[in-house]
Amino acid sequence: MKARSILLLTTSLLLLAEGGIAQSRPSFDFGQGVSPAFEGWEENEDGSFNIVFGYMNRNWEEKVQVPVGPSNYFALVDHGALNDSEVSGYDANRADQGQPTVFLPRRNRFIFKVRVPASFAEGSQELVWTLESGGSLERAYGSLARDYRIDNMIIMSETGALGAGSSNEQVRANTPPVIELETGIDQVLTVRTGESVTLAARVTDDGVPRRGGSAPSPTATPEQLLNRALNPPRRITVGKVNGLYFSWYVYRGQAGPVSFDPPQVKTWEDTRAFANSPWAPFWVPPAAPEGDRWVTIATFNEPGTYILRGRADDGGLFSDVEVTVQVTGPVL
C-alpha cells in the first residue's frame, strides 16, 4: 500500500475513534440555536397531568447554555396570548419549571415534565416555553390536545426503540430501569475547583427490550471499517440500539468545566457511525458492571452550582436522577 493511502486510512480511523465519522457531514457544529419541543402529555392517577417537553439543538458539537430568565422561561397564559414573538410573558415567579439550562447537541426527546392540576383540562390556558438562543426566539405550546397523549409505547416508538409497526406483549409490559443512587437524591455535594466527586448508582432492569447491537469483527481491516462507516445501515425512521446503559451529563450549570471518567454514553441522538450513542450505527451497549454498580468520577474546573442528571436507559424506557454539586473556588 502506498504511503499516501496509509495516511488517509490512519486519519479516517482516528476520526472514528474521536467519536464517529459522519456519513452525511453535519451542517453546523457551532453557532446555531435551540428549538423547544412539546412532546405530549400524560395523566397522573390523581387526575393531574404532566406536560412533557424536549428540544432540538441544531448544533452537532456545541452544548448551548441559556440560564433561566427572560431567554428561557415558562408562562401559563390564555390560548394564543404568546403567538406573537414580540410579546413577552416573562414572570419570574413562574419562569422556572425545571427546564434545562444546558442543551446537549441535536434531538433530545422527553427530557422533562411540568405537572399541572386537573383543572388545567377545564380552562383555555396553555403552558408556553420560550427559548431564545442563536439569535432567534422560539416557543413550544403545551396543551392537552387529544392527539398528543403519550404512553410508554409512544415513547419507545418515538425514540426509535421499536421497529416500524412493531409491538408485542413483552415490549408492552416493559418497565423503566430502577436507579438506587448511593449519594442520595436530595443531598448537595460540595467540592473545590479541580476536585472530583465519585457518583455511584445501582441500576437494575427487567431486560426488556432485548439487547441489540453488533460490533465490527476484530479481524476487520482498516479498509473494511472505513467502508462500514461510510455506508451505515439505511433507516427509514429514528433507529436506536437497545440495551441498558447509565450516563451522567450536566443538566444545569456550565457544561464545559465538567469532565466524566469513564467517558459517558451520549444520551442525545448522535447518528454518526461509531459515535458513542445508542442512535449511532454499530454502537454496542456496555457490559453491566459488577453488582450492577455504575461508578463515575466527575471533576469540576470552575466554581458554580451544577445539577448533574444521571439517566438509565434500557433502549425503550428510561429513568432519571439528579445530583446538585456546589463547586467553590480553590484555597488561596
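Here the structure is shown first, and the text comes after it.
To keep things clear, this report deals only with the structure shown in the data block. These figures come from a predicted structure and were not determined experimentally. (Residues numbered from 1 in each chain as written. Predicted model: local features only at pLDDT ≥ 70, side-chain atom pairs only at ≥ 80, totals over all residues. Heavy atoms only, no water.)

**Describing the side chain of asparagine 242**
And then number 1: Structurally, the position occupied by asparagine 242 is in the loop between α4 (222–230) and β12 (245–252).
And then number 2: The exposure class of asparagine 242 is buried, given its relative accessible area of 11%.
And then number 3: Only 3.1 Å separates the side chain of asparagine 242 from the backbone oxygen of alanine 161, close enough to count as a polar contact. (Helix = DSSP H or I, 4+ residues; strand = E, 2+ residues; numbered from the N terminus. Buried < 20%, exposed > 50% of the residue type's maximum accessible area, 1.4 Å probe, protein only. Polar contact = N/O pair within 3.5 Å; in protein donor to acceptor, adjacent residues only side chain to side chain.)

**Quick notes on the sheet that holds strand β1 (residues 34–43)**
And then number 1: Sheet architecture is open: three strands sit in the order β1-β2-β6, paired in antiparallel fashion. Pairing within the sheet leaves two strands with one partner each, and these edge strands are β1 and β6 (106–116). Pairwise comparison of adjacent strand axes, ignoring direction, gives a mean angle of 25° for this sheet.
And then number 2: Where strand β2 (residues 49–57) lies against β6, eight bridges are found, and the strand directions are antiparallel. (Pairing = 2+ DSSP bridges. Axes fitted to C-alpha atoms, helices over the stretch in contact; angles between N-to-C directions.)

**Comments concerning the sheet that holds strand β11 (residues 196–204)**
Two pairing modes exist for strands in a sheet, parallel and antiparallel, and in both the strands are linked by backbone hydrogen bonds.
And then number 1: Spatial strand order, β9-β11-β14-β13: four strands in an open sheet with antiparallel pairing. Every other strand in the sheet has two partners, leaving β9 (178–181) and β13 (258–261) as the edge strands with one partner each. Averaged over all adjacent pairs, the angle separating strand axes in this sheet is 30°, with direction ignored.

**Notes on the pattern of salt bridges**
And then number 1: The tally for this structure, following the rule as stated, stands at 16 salt bridges.
And then number 2: Where arginine 58 meets glutamate 138, a salt bridge forms, and the shortest distance between an N and an O atom there is 3.1 Å. One end of the pair, arginine 58, is in the loop between β2 and β3 (64–65); the other, glutamate 138, is in strand β8 (residues 136–142), with 80 residues separating them in the sequence.
And then number 3: Its relative accessible area of 28% is what places arginine 58 among the partly exposed residues.
And then number 4: Ionic pairing is found between aspartate 270 and arginine 272, a salt bridge with its closest N-O pair at 2.8 Å.
And then number 5: Taking the relative accessible area as the measure of exposure, aspartate 270 reaches 0% and is therefore buried.
And then number 6: Each of the salt bridges in this network shares a partner with another, and the network as a whole consists of Glu61, Lys266, Asp270 and Arg272. (Salt bridge = Lys/Arg side-chain N within 4 Å of Asp/Glu carboxyl O.)

**Digging into the nonpolar core**
And then number 1: Counting residues in hydrophobic clusters, the biggest one holds 25 residues, and the most contacted among them are Leu199, Phe246, Trp248, Phe300, Leu308 and Val325.
And then number 2: Residue assignment for this core shows that the elements contributing at least two residues are β9, β10 (188–192), β11, β12, β13, β14 (293–300), β15 (304–313) and β16 (318–328).
And then number 3: Those residues in contact with valine 325 that sit more than four places away from it in its chain are Leu189, Val191, Phe300, Gly304, Thr305, Tyr306 and Leu308.
And then number 4: One finds Tyr55, Phe103, Leu104 and Tyr249 within the second-largest nonpolar core, a separate group that totals 24 residues. (Core = buried A, V, L, I, M, F, W, Y, C linked by side-chain atoms within 4.5 Å. Contact = heavy atoms within 4.5 Å.)

**Regarding empty space enclosed by the protein**
And then number 1: Throughout the structure, instances matching the rule amount to one cavity of 30 Å³ or more.
And then number 2: In this structure, the largest cavity occupies an estimated 80 Å³ of space.
And then number 3: For the lining of the largest cavity, the elements supplying multiple residues, two or more each, are β6 and β15.
And then number 4: Sorting elements by how many residues they give to the lining of the largest cavity places β6 first, with five residues.
And then number 5: Grouping the constituent residues of the lining of the largest cavity by class yields five nonpolar, three polar and six charged. (1 Å grid on protein atoms, 1.4 Å probe; cavity = no way out; pocket = protein on both sides within 12 Å on 5 of 7 lines; lining within 4 Å. Points joined across faces, edges and corners; volume = space filled by probe spheres on them. Nonpolar A, V, L, I, M, F, W, Y, C, P; charged D, E, K, R; others polar.)

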